[in-house]
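Next come the chains, spelled out residue by residue.
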Amino acid sequence: MSNGIGDALSGVREVELTVTGRKTGRQIARPVWFVQNDDNVFLVPVTGSDTQWYKNVQQTPMVELAVDGTTLSSSATPITDARQVENIVAMFRDKYGPDQVESYYPKHDVAVQVPLG
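Attention in this report is confined to the structure presented alongside it. Residue positions within a chain follow its written sequence, with the count starting from 1. Predicted model: local features are reported for residues with pLDDT of at least 70 only, side-chain atom pairs are reported and counted for 80 or more only, and whole-chain, interface and lining totals are derived from all residues. Side-chain metrics in this entry use all non-hydrogen atoms of the structure; hydrogen atoms and water are not considered.

## Notes on helix H3 (residues 82-96)
No. 1: Under the 1.5 Å per step criterion, the end-to-end length of H3 is 21 Å for 15 residues, consistent within 8% with the ideal 21 Å.
No. 2: Looking only at H3, the buried set comprises Val85, Ile88, Val89, Phe92 and Tyr96. Buried residues of H3 fall within an arc of 100° about the axis and therefore sit on the same side. In this structure, H3 carries Arg83 and Asp94 as exposed residues pointing more than 90 degrees from its buried face.
No. 3: Pairs of residues are marked as contacts when any of their non-hydrogen atoms sit within 4.5 Å. In this description a helix means any DSSP run of H or I spanning at least four residues, a strand means any run of E spanning at least two, and both kinds are numbered starting from the N terminus. Those residues of H3 that are buried are in contact with strand S2 (27-33), strand S3 (35-37), strand S4 (40-43), strand S7 (77-79), helix H4 (98-104) and strand S8 (111-115). Residue count minus one, scaled by 1.5 Å, sets the expected span of a helix. Only protein chains enter the accessibility calculation, which uses a 1.4 Å probe; a residue whose area is less than 20% of its type maximum is buried, one above 50% is exposed, and one in between is partly exposed. The arc refers to the directions leading from the helix axis to the C-beta atoms.

## Section: the side chain of Thr18
No. 1: Following the sequence through the fold, Thr18 ends up in strand S1 (residues 14-20).
No. 2: Discounting residues that sit within four places of it in the chain, Thr18 has contacts with Gln27, Ile28, Ala29, Val63 and Glu64.

## Quick word on the pairing of strand S5 (residues 62-67)
No. 1: For two strands to count as paired, DSSP must find a minimum of two bridges between them. Note: S1 against S5, three bridges, orientation antiparallel. When the sheet's bridge partners are listed, Glu16 is paired in S5 with Ala66.
No. 2: Hairpin connection of S5 to strand S6 (residues 70-75): two residues between the antiparallel strands, including Asp68 at a positive phi of 50°.

## Some points on the side chain of Thr20
No. 1: Turning to its location among the elements, Thr20 is positioned in strand S1.
No. 2: For the purposes of these results, a polar contact is taken to be a pair of N or O atoms within 3.5 Å, where, inside protein, one atom must be able to donate a hydrogen and its partner to accept one; residues adjacent in sequence count only when each atom of the pair is a side-chain atom. A distance of 3.0 Å separates the side chain of Thr20 from the side chain of Gln27, its partner in a polar contact.
No. 3: Contacts of Thr20, omitting those with residues within four sequence positions, involve Gly25, Arg26, Gln27, Asn56, Thr60 and Met62.

## Structural notes on the packing of aromatic side chains
No. 1: Two rings from Phe, Tyr or Trp (for Trp, the six-membered ring) form a pair when their centres sit within 6.5 Å of each other. Planes less than 30 degrees apart are called stacked, planes more than 60 degrees apart edge-to-face, and all others tilted. Here the structure, examined in full by the defined rule, presents five aromatic pairs.
No. 2: Here the aromatic rings of Trp33 and Tyr105 are separated by 6.0 Å at their centres, their planes lie at 40°, and the arrangement is tilted. In this pair, Trp33 sits in strand S2 while Tyr105 sits in the loop between H4 and S8, placing the two residues 72 residues apart along the sequence. An identical accessibility class is assigned to Trp33 and Tyr105; each is buried.
No. 3: Relative to Tyr105, the ring of Phe92 has its centre 5.6 Å away and its plane inclined at 75°; by these criteria the two rings are edge-to-face. Taken together, the residues Phe92 in helix H3 and Tyr105 in the loop between H4 and S8 connect sequence positions 13 residues apart. The same class applies to Phe92 and to Tyr105, which are both buried.

The structure is reproduced here in structure tokens:
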């Protein structure tokens, strides 16, 4: 992969996600777990569709991912298809371990796709 963010994500456990607050319009940054598949990063909101940053992405899809000083601005796409979400959660289980995913992610009804290119 030629872009710096793809290389920077390799071997990293979390990325900083910045979203635009739907009420305040302010930039809000938080560390999140992620999985990378091909030229996409997938995020699973901890409390699913109830998660505040997910609600912000629904309103303003432009997000920023940052890791080790490398940043990427991209448009995030909410994923609500149950099978797609389950596939992404399975990738999370592979990366972080099933016990961790089950304890930190009590509700997984949605995910978010962020293209790297």
